[in-house]
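Next come the chains, spelled out residue by residue.
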Amino acid sequence: MSQGDMNTPLLAASDSDISEPPPIGCPGDPVIAILGSGDYSRSLAIRLLASGFRVVVGSRNPKRIAKGLFPDGVELWSQSEAVASSDRLVFAALYPEHYHSLVGLRDVLAGKVLVDVSNAISLNNAGPSNAERLAELFPQSRVVKGFNVISAWALQTGAQDGSRQVLICGDSSDSKAMVLQLARRMGFNPMDLGGLAASKDIEEAPLQLFPSWGGPIVATLLLFFFFYGYNFLKGVLMPYLAHGQNNFYKLPLETVNEALPSVALVTLALVYLPGLLAAILQLGRGTKYKRFPNWLDLWLCGRKQLGLLSFLCAGLHAVYSMCLTLRKAAGFRLLNAAFRQVKAGVENSWEEKPVLRSDLYLSCGILGFGILTLLAITSIPSVGNALNWREFTFVQSGLGYGALTFSIMHTLFFGWDFAFFPWSYPYYLPPAYLLALIVPCVVLVGRLLLVLPCLAFRLAKIRRGWESSLHCPPKTCQTETANRHPPQNFSDV
Ligand code: NAP
């Protein structure tokens with residue numbers, strides 16, 4: 001394809017015309033060919049047609065395609081006829097193992113942009129990607145990888161309902177620009193990932209199972225096992241071994257509900273701890289231009305997931321707590337207490353202190369959970385994107401610390417003064433809520449220290465690019481500045 005061809009826009013309309021797409025399938029619209037007549041081809045054809053393109057589907061046997069499978073306006077031809085009639089863009093909507101069946105189309109495909117929409121069969125496959133193999137098979141065509149992260153369903157239902165991000169890569173920048181423009185016109189949010197070498201990652205993207213969730217899930221599960229095990233040991237196993245007391249009925253509900261708030265609280269503290277460590281590192285180093293250790297980078301990247309897992313545990317704790325009174329055990333306990341009270345001749349069991357305590361801890365818990373819900377909602381990209389940087393920081397950091405404070409108060413009011421009585425330490429084991437408070441209190445105190453003017457001022461200066469002469473002597477400063485690492489993603493936390 002000549003440079004002149006490349007300068008001719010594929011799409012007649014400019015981006016500013018997108019709001020008023022031309023009528024469907026008009027003669028004169030850009031013609032796009034799709035090879036293959038399967039599910040993906042059908043969804044792609046529907047979407048392209050709706051975006052104002054003429055669509056030609058190339059099949060090995062167009063007569064075999066059931067009537068009505070493709071919408072009116074989509075033309076069904078043989079593979080070579082379809083490719084020949086396309087302006088420049090041809091989608092290969094078949095499985096990679098069938099790419100070799102297209103080699104007869106080499107000549108007619110020469111100079112065209114061939115879009116590979118295939119997914120990888122499995123993760124970490126050795127050898128070239130599907131797109132690279134397609135490029136080897138068709139050296140005279142320009143292969144661009146893209147659209148595979150969008151399912152056939154999302155293509156059909158429209159960009160509003162499904163994912164909007166389309167990952168695209170390719171070695172020819174003109175051809176890639178054409179596909180990026182096409183994706184935008186179809187209502188998607190294209191993202192250029194560079195050359196075709198990135199195609200392996202793009203092909204594997206739909207197969208990844210929550211890639212950024214592994215660490216946070218493992219951390220939350222470990223915390224759950226720790227607190228569940230601790231409460232089991234203290235409230236079930238030790239009483240059984242020491243006194244033959246059968247508390248095993250507590251295992252499915254009570255012990256779970258004792259572990260969940262501790263996990264929620266510690267996990268929420270773990271959301272804010274890495275930001276604190278990053279700030280301490282920056283203060284200590286006197287610069288923000290040195291990379292954080294890898295573990296801290298990973299931790300910083302997992303904060304959203306940790307926050308959502310904390311929200312999940314807190315939500316489960318709220319539901320479990322509301323169900324506590326529905327249990328048979330609660331009914332029996334109430335009857336037993338009432339009987340004991342009658343036997344003791346006590347008419348009024350109202351006590352001011354426990355009433356105040358329970359109201360305070362419930363209220364703090366509800367407020368903490370309410371703020372946590374707000375944080376979870378603003379972490380949804382469509383909601384978060386509607387906030388500017390200051391609003392987002394206020395919610396995620398300012399209100400986040402509010403949620404942590406209320407959760408700590410909820411726990412403190414729950415524990416009340418029990419931590420000061422020896423009977424709270426049976427078998428020399430401290431109450432679980434005391435253990436759960438350690439990390440959150442450290443984080444809160446650390447945060448308060450960072451608000452001290454002497455530290456806050458210095459940190460703000462460092463984050464604006466100032467470097468301490470102690471850590472960066474004037475002579476080496478220039479060299480270091482020249483070689484310094486790019487700024488940290490989360491240096492502003
Ligand atoms: P499909 O429904 O099985 O369609 C594949 C098409 O390939 C068939 O309709 C057929 O078209 C052609 N074909 C079948 N056997 C062939 C052979 N032996 N030789 C040559 N052509 C053959 O598959 P699909 O779901 O549309 O997927 C197509 C591609 O899209 C795959 O690479 C897949 O990874 C990718 N993709 C699919 C989705 C999705 O949601 N379905 C999402 C992302 C990516 P003709 O008989 O008309 O030639």
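What you see is a predicted model; the values in this text were computed from it and never measured.

### Here we look at unusual backbone geometry
- Positive phi values are uncommon outside glycine, yet phenylalanine 147 reaches one of about 75 degrees.
- Mapped onto the secondary structure, phenylalanine 147 falls in the loop between strand 6 (142–146) and helix 6 (152–157).
- Residue classification places phenylalanine 147 among the buried positions, given a relative accessible area of 0%.
- The phi torsion at tryptophan 416 lies on the positive side, around 50 degrees, for a residue other than glycine.
- For tryptophan 416, the location among the structural elements is in the loop between helix 16 (389–415) and helix 17 (432–451).
- Under the relative-accessibility criterion, tryptophan 416 is labelled partly exposed at 26%.

### Overview of the confidence of the model for the chain
- Confidence in the prediction for the chain averages 89 pLDDT; 88% of positions are at 70 or higher.
- Contacts of residues 476–493 to residues separated by more than four positions or lying in other chains number 25 contacts, the stretch itself having pLDDT below 50.

### Comments concerning the site of the ligand
- With respect to spatial proximity, 21 residues lie near the ligand, and among them Ser37, Tyr40, Ser59, Arg60 and Ala152 are the closest.
- Within the contact set of the ligand, an oxygen atom lies 2.5 Å away from a side-chain nitrogen or oxygen of serine 59.
- Taking arginine 60, its side chain carries an N or O atom lying 2.9 Å from an oxygen atom of the ligand.

### Side note on the packing of aromatic side chains
- In this structure the tally under the stated criterion is 15 aromatic pairs.
- Aromatic side chains phenylalanine 224 and tyrosine 228 sit 5.7 Å apart centroid to centroid with 25 degrees between the ring planes, which places their arrangement in the stacked category. Of this pair, phenylalanine 224 and tyrosine 228 are both found in helix 9 (residues 214–243), four residues apart, which corresponds to roughly one turn of the helix.
- Here phenylalanine 224 falls in the partly exposed class, since its relative accessible area comes to 21%.
- For tyrosine 228, a relative accessible area of 21% translates into the label partly exposed.
- Note on tryptophan 295 and tryptophan 299: the rings are 6.3 Å apart at their centroids and 45 degrees apart in plane angle, and the pair reads as tilted. Separated by four residues within a single helix, tryptophan 295 and tryptophan 299 lie in helix 11 (residues 294–301), roughly one turn from each other.

### Observations regarding a nonpolar patch on the surface
- A contiguous nonpolar patch, built from Ile217, Leu221 and Phe225 and spanning about 280 Å² of accessible area, is present on the exposed surface.
- Along the chain, the position of leucine 221 falls in helix 9.

### Brief notes about the pairing of strand 6
- Along strand 6, four of the five residues are buried, which leaves the element largely enclosed by surrounding structure.
- Pairing geometry for strand 5 (residues 113–116) and strand 6, over four bridges, is parallel. Across the sheet, residue valine 115 finds its bridge partner in strand 6, namely valine 144.
- After leaving strand 5, the chain enters helix 5 (residues 130–137) and then returns to the sheet as strand 6, a path that is right-handed.
- As defined by bridge partners, strand 6 adjoins strand 7 (residues 165–170) across three bridges and the pair is classed as antiparallel. Bridging from a neighbouring strand, glycine 146 pairs with isoleucine 168 of strand 7.

### With respect to the pattern of salt bridges
- Taken as a whole and assessed by the stated rule, the structure comprises eight salt bridges.
- Residues glutamate 254 and lysine 250 are paired through a salt bridge, measuring 4.0 Å at the closest nitrogen-oxygen approach. Comparing glutamate 254 with lysine 250, the two get one shared label, buried.
- When salt bridges that share partners are traced, they join Lys250, Glu254, Arg327 and Arg333 into one network.

Quick notes on the rules
Residues numbered from 1 in each chain as written. Predicted model: local features only at pLDDT ≥ 70, side-chain atom pairs only at ≥ 80, totals over all residues. Heavy atoms only, no water. Helix = DSSP H or I, 4+ residues; strand = E, 2+ residues; numbered from the N terminus. Buried < 20%, exposed > 50% of the residue type's maximum accessible area, 1.4 Å probe, protein only. pLDDT = per-residue confidence, 0-100. Contact = heavy atoms within 4.5 Å. Near = heavy atom within 4 Å. Polar contact = N/O pair within 3.5 Å; in protein donor to acceptor, adjacent residues only side chain to side chain. Phe/Tyr/Trp six-rings, centres within 6.5 Å; stacked < 30°, edge-to-face > 60°. Patch = residues over 30% accessible without salt bridge, like charges linked within 9 Å, V, L, I, M, F, W, Y side chains within 5 Å. Areas by Shrake-Rupley, 256 points an atom, 1.4 Å probe, with all protein chains shown as cover. Salt bridge = Lys/Arg side-chain N within 4 Å of Asp/Glu carboxyl O. Pairing = 2+ DSSP bridges. Right-handed = clockwise from strand over helix to strand, strands pointing away.

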